[in-house]
Every structure is written in structure tokens, then in C-alpha cells.
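Structure assessment
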Amino acid sequence: MADDLAQSLEENGAVVLGPVRTVSAALDLIHSQPDLDAALLDVNLGREQVFPVAEALEALHVPFCFTTGYEPSSIPERFAGVARFEKPLNCDAVTRALSESLIHQQREPGAQIQASSSVYG
């Protein structure tokens, strides 16, 4: 599944960064990549939840989507409007949602998408 998702994103012009497996590593990646266009965040990174990463991306106005095997109620209310994809993932739907997020943000698709996700593991 992870290879299929990466391939789908790359076929649509994305440069996939990561994966990263911890919140700390994801935050480091965000700060080292100022031109990040979008991110795909697995809600659960090992023993950590990814919400500090979502907050950092939000502060930088970087669109992102969540992937999860959890119920919708596991995501804080402040992120209720963020696209959420349940596992197993539909690669085409995820790619389409990230592309639409980029268009909505008036960015050109294809630069860098951060994969902060155990989905890629």
C-alpha cells in the first residue's frame, strides 16, 4: 500500500519526502523544508499522535490530510475540516485530495509532499 501511494503521488508530479516515524523527525523535516507544499499525516506515529505536526503545518499554511485506522472522534475538533482517509487507503482518493488542497491554496502541484506516516513503513 505504501509503495502504491508513493507511486501515485509521484506519477502526479509530487516529490515525496520521508517517511518519518516520529513527531520530532516530522517537525525537523518541516523546518528544514521551507517550500513544503502539502503533507500526508498518519494520526498515529508509533506511540505518538501527529497533532503537533498538524499544528506546525497549519501555522505555516501548508495543506495536509490525515490517514488513520481510528474513528473520526479521535481527531481533535479543530481539525474537523481536514480531509481524513481511513486505512486501507484508496491511493487515487488521497492523491486527488492533496492535489485539490494545493489548488485551493493556489499552489502548483508537484513540489514536495511530506510523508509523516507509518503508512509508508
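Numbers given for residues are sequential positions, taken from 1 along each chain in its written order. Thresholds applied to this predicted model are a pLDDT of at least 70 for local features of residues and 80 or more for the giving and counting of side-chain atom pairs; totals over whole chains, interfaces and linings are not thresholded and use all residues. Only hydrogens and water are set aside when side-chain values are computed; all heavy atoms of the structure are taken into account.

In this section: the packing of aromatic side chains. Put simply, two rings from Phe, Tyr or Trp (the six-membered ring, in Trp's case) pair if the centres are within 6.5 Å, and we call them stacked under 30 degrees between planes, edge-to-face over 60, tilted for the rest. All told, the structure shown has five aromatic pairs when counted by the stated rule. Residues F64 and F66 carry aromatic rings whose centres are separated by 5.5 Å and whose planes lie at 75° to one another, so their mutual orientation is edge-to-face. One aromatic cluster in this structure is built from F51, F64, F66 and F79.

Attention shifts here to helix α2 (residues 23-32). Between buried and exposed lies partly exposed: a residue is buried under 20% and exposed over 50% of the maximum accessible area for its type, with that area taken using a 1.4 Å probe on protein chains only. Helix and strand definitions follow DSSP, with helices as H or I runs of at least four residues and strands as E runs of at least two, each counted in order from the N terminus. Looking at α2, one finds that the buried residues are V23, A26, L29 and I30. Looking down the long axis of α2, one finds its buried residues gathered within 125° of arc, a one-sided arrangement. Seen from the open side of α2, the exposed residues pointing more than 90 degrees away from its buried face are D28 and H31. Regarding the arc, it is the one traced by the directions from the helix axis to the C-beta atoms.

On to the packing of α2 against helix α3 (residues 51-59). Running from N to C, α2 and α3 point in directions that differ by 15°, and their axes come no closer than 9 Å. The pairing of α2 with α3 is recorded here as roughly parallel in orientation. Relative to α3, α2 is oriented so that their crossing is right-handed. Together, V23, A26, L27 and I30 of α2 and P52, V53, A56 and L57 of α3 make up the contact between the two elements. Here the residues of the contact of α2 with α3 sort into eight nonpolar, no polar and no charged. Whenever a helix is involved, its axis is fitted only over the stretch in contact; in every case the axis is a line through C-alpha atoms, and angles between N-to-C directions fall within 0 to 180 degrees. Orientation categories follow fixed angle ranges, with anything under 35 degrees roughly parallel, anything over 145 roughly antiparallel, 65 to 115 roughly perpendicular, and all other angles oblique. Here is the rule for handedness: rotate from the far helix to the near one, and if that takes an anticlockwise turn smaller than a right angle the crossing is left-handed, while a clockwise turn gives right-handed. Whether two residues touch is decided by their heavy atoms; if any such pair falls within 4.5 Å, the residues are in contact. Under the convention adopted here, Pro, Cys and the residues Ala, Val, Leu, Ile, Met, Phe, Trp and Tyr are nonpolar, Asp, Glu, Lys and Arg are charged, and Gly plus all remaining residues are polar.

Just geometry here; none of it tells us what the structure is for.
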